[in-house]
Amino acid sequence: MGEDRKKIIRTPEDLEVYQLSFQGAMQIFKASQRFPIEERYSLTDQIRRSSRSVCANLAEAWRKRRYEAAFIAKLNDSEAEASETQVWIKFAVQCGYLDAHTGQELYTTYDKILGSLVNMINHPKSWLIKP
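Note that the structure is predicted; figures quoted are calculated from it, not measured.

A short note on the nonpolar core
Judged by nonpolar contacts, the single largest core of 32 residues is most densely connected at L15, L75, Y110 and I113. Among the secondary structure elements, those contributing two or more residues to this core are helix 1 (16–32), helix 2 (43–63), helix 3 (68–94) and helix 4 (100–122). Excluding anything up to four places from it in sequence, L75 contacts L58, A61, L117, M120 and I121.

Some remarks on the environment of T44
You can see T44 is positioned in helix 2. According to the relative accessible area criterion, T44 is buried, its value standing at 6%. Sequence separation between T44 and S32 is 12 residues; the distance between their C-alpha atoms is 6.0 Å. Every residue in contact with T44, bar those within four places of it in the chain, is listed here: S32, F35 and E39.

Description of the packing of helix 3 against helix 4
When two helices pack together, their arrangement is given by the angle between the helix axes and by the axis-to-axis distance. At their nearest, the axes of helix 3 and helix 4 sit 9 Å apart, and the two run at 165° to each other. The pairing of helix 3 with helix 4 is recorded here as roughly antiparallel in orientation. As for the relative orientation of helix 3 and helix 4, their crossing is left-handed in sense. Across the contact of helix 3 with helix 4, the residue classes tally to 16 nonpolar, 6 polar and 3 charged.

Regarding the packing of aromatic side chains
Inspection of every chain in the model, using the stated rule, returns 4 aromatic pairs. Residues Y18 and F22 carry aromatic rings whose centres are separated by 6.4 Å and whose planes lie at 20° to one another, so their mutual orientation is stacked. You can see Y18 and its partner F22 sitting in helix 1, 4 residues apart, about one turn around the helix. Ring centres 6.5 Å apart and planes at 65° place the aromatic pair W62 and W127 in the edge-to-face group. Residue W62 is located in helix 2, and its partner W127 is located in the segment after helix 4; the two are separated by 65 residues in the primary sequence. With relative accessibility at 3%, the residue W62 sits in the buried group. A relative accessible area of 6% places W127 in the buried class. The ring of W62 is capped by R65, whose NZ or CZ atom sits 3.7 Å from the centre of that ring.

Rules used in this analysis
- Residue numbers restart at each chain and count upward from 1, following the sequence in its written direction.
- In view of the model being predicted, local features appear only for residues whose pLDDT reaches at least 70, and side-chain atom pairs are presented and counted only at 80 or more, with totals across whole chains, interfaces and linings using the full set of residues.
- Side-chain numbers come from the whole structure's heavy atoms, not from hydrogens or water.
- Within this scheme, the nonpolar core is defined by two criteria: the residues are buried Ala, Val, Leu, Ile, Met, Phe, Trp, Tyr or Cys, and they are joined through side-chain atoms within 4.5 Å.
- Relative accessible area decides the class of each residue, using a 1.4 Å probe on protein chains only: under 20% of the type maximum gives buried, over 50% gives exposed, and in between gives partly exposed.
- Each helix is a run of DSSP H or I of at least 4 residues and each strand a run of E of at least 2, with the numbering of both proceeding from the N terminus.
- Note on contacts: a residue pair is in contact if any heavy atoms of the two residues lie within 4.5 Å.
- In this description, a line fitted to the C-alpha atoms serves as the axis of each element, helices being fitted only across the stretch in contact, and the angle between N-to-C directions of two axes falls anywhere from 0 to 180 degrees.
- Note that the term roughly parallel is reserved for angles under 35 degrees, roughly antiparallel for angles over 145, roughly perpendicular for angles of 65 to 115, and oblique for everything else.
- Crossing handedness is read from the near helix: turned anticlockwise from the far helix by less than a right angle, it gives a left-handed crossing, and turned clockwise, a right-handed one.
- Side-chain classes are defined by residue name, with Ala, Val, Leu, Ile, Met, Phe, Trp, Tyr, Cys and Pro counting as nonpolar, Asp, Glu, Lys and Arg as charged, and the others, Gly among them, as polar.
- Here a Phe, Tyr or Trp ring, Trp counted by its six-membered ring, pairs with any other such ring whose centre lies within 6.5 Å, and the pair is stacked when the planes are under 30 degrees apart, edge-to-face when over 60, and tilted otherwise.
- Whether a charge sits over a ring comes down to the Lys NZ or Arg CZ being within 6 Å of the ring centre and within 35 degrees of the ring normal.

Laid out in structure tokens, this is it:
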């Protein structure tokens, strides 16, 4: 995801990590449509919420780039949601709601997302709005 800084980024949607997390959330939404009805208010709800929150927190972080601490805090929230999503993916595979291959692909997607978020957290100055 290092290519982000080479191109002009005007909105959070221009970030590769945002695009990857949005795609991941949509894949999870589609896959979770096949989860059993009894999971509607538990696993289905949880995995959809956490995967969508990655994007939402990235968008919030993007708007807080004037303040390093606030920017990092929202990126940390996004990181936590991505990690939570990985836990729900593991549950979905273990419960037989996702096949192992799909689960591994989704888990790997969230590994990439986490790597990009950690990189942004560790190097916030290159993302901040300069006064």
